[in-house]
Amino acid sequence: MTFLGMPTTAPRGVGNLRGDEPFPAAARKALANPQLRRNLHHATSTIRGKSAAVIAELPDWQQLRDAGAAIKADTMARLPELLEQLEAQVSAAGGVVHWAADANDANRIVTELVRATGQDRVIKVKSMATQEIGLNEALEAAGVEPVETDLAELIVQLGHDKPSHILVPAIHRNRAEIREIFLRAMPGVDPALTDDPPVLAAAARRYLRETFLNTKVAVSGANFGIAETGTLAVVESEGNGRMCLTLPETLITVMGVEKVVPTWQDLEVFLQLLPRASTGERMNPYTSMWTGVTAGDGPQNFHLVLLDNGRSAVLADDVGRQALHCIRCSACLNVCPVYERTGGHAYGSVYPGPIGAVLSPQLTGVEDNASLPYASSLCGACLDACPVKIDIPSILVHLRAEHVAAKKRPTPESIAMAAAAYTMDHPRLYAAAQRAARLSRFAGRRGRGLPPPLNGWTASRDLPEPPKETFRQWWAGR
Ligand code: SF4
């Protein structure tokens, strides 16, 4: 299969998509931080409760999910055609469209566009795509100061930290930590600042208002791009996005190619699904839409950068391409038992949680992010929560299979699995194995571990005591 004329061996994504260490090592460090777990538990359980309450209000929630999934599947099936339609409509409305094959390409395009304005500062709307490509770092290297205007992103930026949640990037910080960051890094902050949330918000508002009014270039992402009209849409909760999208003279939007939707009517479905699944709101407080340039109203220069960065390769995989349906609501993070314990940093990529575990390895190539498909218990909570019904557990299994198939030499796990498969294929051998397992009742009681070389499995788990009789014995007795 080809996408926009590119072969199946389309270039993989580069940028902030992999960590310095594999997930198990990073997760172990995160698990040793009880404050982090408390913050995560409090935040995810609060959002889960809010979201469940507003979803329960809609009698047609399941039909909406079906509609969202169907629109996304249709979009992916004709992505090249829809992107060309989007390009034509944006250009007709006075915008300029740029195509970026990867993160380096996108960073170069945006940096050159900012340089052409003669400005050395940009304001930013929260955007996963620009985090993915490492745009802030690229702008700073070019002598341009990027200022994040979403409150949580600002906390992360001032703290020289990394986001740990798609929607609530500073979920790992509590208010005492935020006060300390503001005192240390926010220009002009009141030294008497307290950790009272309204006081912290007022400090950020004062700093950001001044910045909004004195900056001529903005960079945004996009939640949706409507092919039919060339309209871009950003949804947010704080109003900072509305400021960035309307006040500056130049607006540069970086959008992943999968964010295109065919028509206005399709948008109606996603504007119902997204707020209820993400923030637990009935509608997004701010939904900003713009089509090209309008004389005397809003930015007079508009550039749209369409980003591939590995998405063509994901699209070429019939099972994995579902990951491109994601509308970044973060519902899967909030229900994931693994995410709730480790937080987002352990995933290494800007995309954490279940969606990160399937998207990042596909963007980079599985071998470059091989631990992520295993960062799941396959409990299925992510599939139940996903507003566009992405079957994350099936993609995880698919990626694990791809990773195993790529291995040239047998591993202890593959040998154990082959032995298990052979045993299950031979009834007598299976019955003998069951008898042996029952004998282990005398060796392995709950709370005890297995002997080497299997002791790794029981290092952090109890060995369940085998039942007194096997199913076959129970059946034969009846
Ligand atoms: S995979 Fe589904 S639940 Fe997770 S962020 Fe994307 S749309 Fe939301």
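Worth saying up front: this structure is predicted, and the values here are computed from it rather than measured.

For the rest of this paragraph, the subject is the domain arrangement of the protein. Under the domain assignment, the protein is made up of domain 1 (79-311) and domain 2 (412-477). Spacing between the C-alpha centres of domain 1 and domain 2 amounts to 53 Å.

A word on the packing of helix α3 (residues 61-77) against helix α12 (residues 264-278). Taken N-terminus to C-terminus, the directions of α3 and α12 make an angle of 120°; their axes are 10 Å apart at the nearest point. Relative to α12, α3 is oriented oblique. Judged by the sense of rotation from one axis to the other, the crossing of α3 with α12 is left-handed. Of α12, the residues touching α3 (which contributes Trp 61, Leu 64, Arg 65, Ala 67, Gly 68, Ile 71 and Lys 72) are Asp 266, Val 269, Phe 270, Gln 272, Leu 273, Arg 276 and Ala 277. Broken down by class, the residue content of the contact of α3 with α12 amounts to eight nonpolar, two polar and four charged.

Moving on to the side chain of Gln 362. The residue Gln 362 is located in helix α16 (residues 353-364) in this model. Of the residues examined, Gln 362 reaches a relative accessible area of 4% and is grouped as buried. Apart from the residues lying within four places of it in its own chain, the contact partners of Gln 362 are Arg 12, Val 314, Asp 317, Gly 320, Arg 321, Ala 323, Ile 395 and Leu 399.

Here we come to the sheet that holds strand β10 (residues 301-307). Strand pairing in a sheet takes place through backbone hydrogen bonds and is either antiparallel or parallel in direction. Spatial ordering of the open sheet is given by β1-β10-β7-β4-β2-β3, a layout of six strands whose pairing is parallel. The sheet is open, and its two edges are formed by β1 (96-100) and β3 (145-148), each paired on a single side. For this sheet, the mean angle separating the axes of adjacent strands, direction not counted, is 25°. Pairing between strand β4 (residues 217-220) and strand β7 (residues 250-256): four bridges, direction parallel. Each bridged residue has a counterpart across the sheet, and for Ser 220 the counterpart in β7 is Thr 253. Here helix α5 (residues 103-117) sits on the sheet and contacts β1, β2 (121-124), β4, β7 and β10; the angle it forms with β1, its principal contact strand, is near 145°.

Of all hydrophobic cores here, the largest spans 103 residues; its most connected members are Phe 182, Met 186, Leu 304 and Ile 355. In contact with Leu 304, not counting residues within four places along its chain, are Leu 86, Val 90, Val 96, Val 97, His 98, Leu 232, Thr 253 and Met 255. With 19 residues, the next largest nonpolar core counts Val 110, Val 114, Val 144 and Val 219 among its residues.

Our next topic: the site of the ligand. Around the ligand there are 13 residues in total, and Cys 326, Cys 329, Ser 330, Cys 332 and Cys 386 lie nearest to it. Of the residues contributing to the shell around the ligand, the split by class is eleven nonpolar, one polar and one charged.

For the rest of this paragraph, the subject is a nonpolar patch on the surface. Taken together, Phe 471, Trp 474 and Trp 475 make up a surface patch of nonpolar side chains, about 400 Å² in accessible area. Looking at where Trp 475 falls in the secondary structure, it is placed in helix α21 (residues 471-476). The class of Trp 475 is exposed, set by a relative accessible area of 58%.

To continue, consider the packing of aromatic side chains. Applying the stated criterion across every chain yields a total of seven aromatic pairs. Pairing Trp 290 with Phe 302 gives two aromatic rings, centres 5.9 Å apart and planes at 85°, and the pair type is edge-to-face. In this pair, Trp 290 sits in strand β9 (residues 286-291) while Phe 302 sits in strand β10, placing the two residues twelve residues apart along the sequence. Take Trp 290: its relative accessible area is 12%, and that puts it in the buried class. The buried category is assigned to Phe 302, whose relative accessible area is 1%.

Packing of α16 against helix α18 (residues 392-406) brings their axes to within 10 Å, and their N-to-C directions diverge by 40°. When the axis of α16 is compared with that of α18, the two are oblique. In this structure, α16 meets α18 at a crossing whose hand is left-handed. Contact with α16, carried on its side by Pro 354, Ile 355, Ala 357, Val 358, Pro 361 and Gln 362, involves Ile 392, Ile 395, Leu 396 and Leu 399 of α18 and no other residues of that element. Looking at the contact of α16 with α18 residue by residue, the class counts come to nine nonpolar, one polar and no charged.

Let us look at helix α8 (residues 151-158). For α8, the tally of buried residues reaches six of eight residues, placing the bulk of the element in the interior. Among the residues of α8, Ala 152, Glu 153, Leu 154, Ile 155, Val 156 and Leu 158 are the ones counted as buried. The N-terminus of α8 is capped by Asp 150, whose side-chain oxygen sits 3.1 Å from the backbone nitrogen of Ala 152. A positive phi of about 50° marks His 160, the residue just after α8.

As for its placement among the helices and strands, Pro 337 is situated in helix α15 (residues 337-342). Since its relative accessible area comes to 31%, Pro 337 is described here as partly exposed. Those residues in contact with Pro 337 that sit more than four places away from it in its chain are Ser 377 and Cys 379.

Calculation rules
Residues numbered from 1 in each chain as written. Predicted model: local features only at pLDDT ≥ 70, side-chain atom pairs only at ≥ 80, totals over all residues. Heavy atoms only, no water. Domains from an automatic or database assignment. Axes fitted to C-alpha atoms, helices over the stretch in contact; angles between N-to-C directions. Helix = DSSP H or I, 4+ residues; strand = E, 2+ residues; numbered from the N terminus. Parallel < 35°, antiparallel > 145°, perpendicular 65-115°, else oblique. Left-handed = near helix turned anticlockwise from the far one by under 90°. Contact = heavy atoms within 4.5 Å. Nonpolar A, V, L, I, M, F, W, Y, C, P; charged D, E, K, R; others polar. Buried < 20%, exposed > 50% of the residue type's maximum accessible area, 1.4 Å probe, protein only. Pairing = 2+ DSSP bridges. Core = buried A, V, L, I, M, F, W, Y, C linked by side-chain atoms within 4.5 Å. Near = heavy atom within 4 Å. Patch = residues over 30% accessible without salt bridge, like charges linked within 9 Å, V, L, I, M, F, W, Y side chains within 5 Å. Areas by Shrake-Rupley, 256 points an atom, 1.4 Å probe, with all protein chains shown as cover. Salt bridge = Lys/Arg side-chain N within 4 Å of Asp/Glu carboxyl O. Phe/Tyr/Trp six-rings, centres within 6.5 Å; stacked < 30°, edge-to-face > 60°. Polar contact = N/O pair within 3.5 Å; in protein donor to acceptor, adjacent residues only side chain to side chain.

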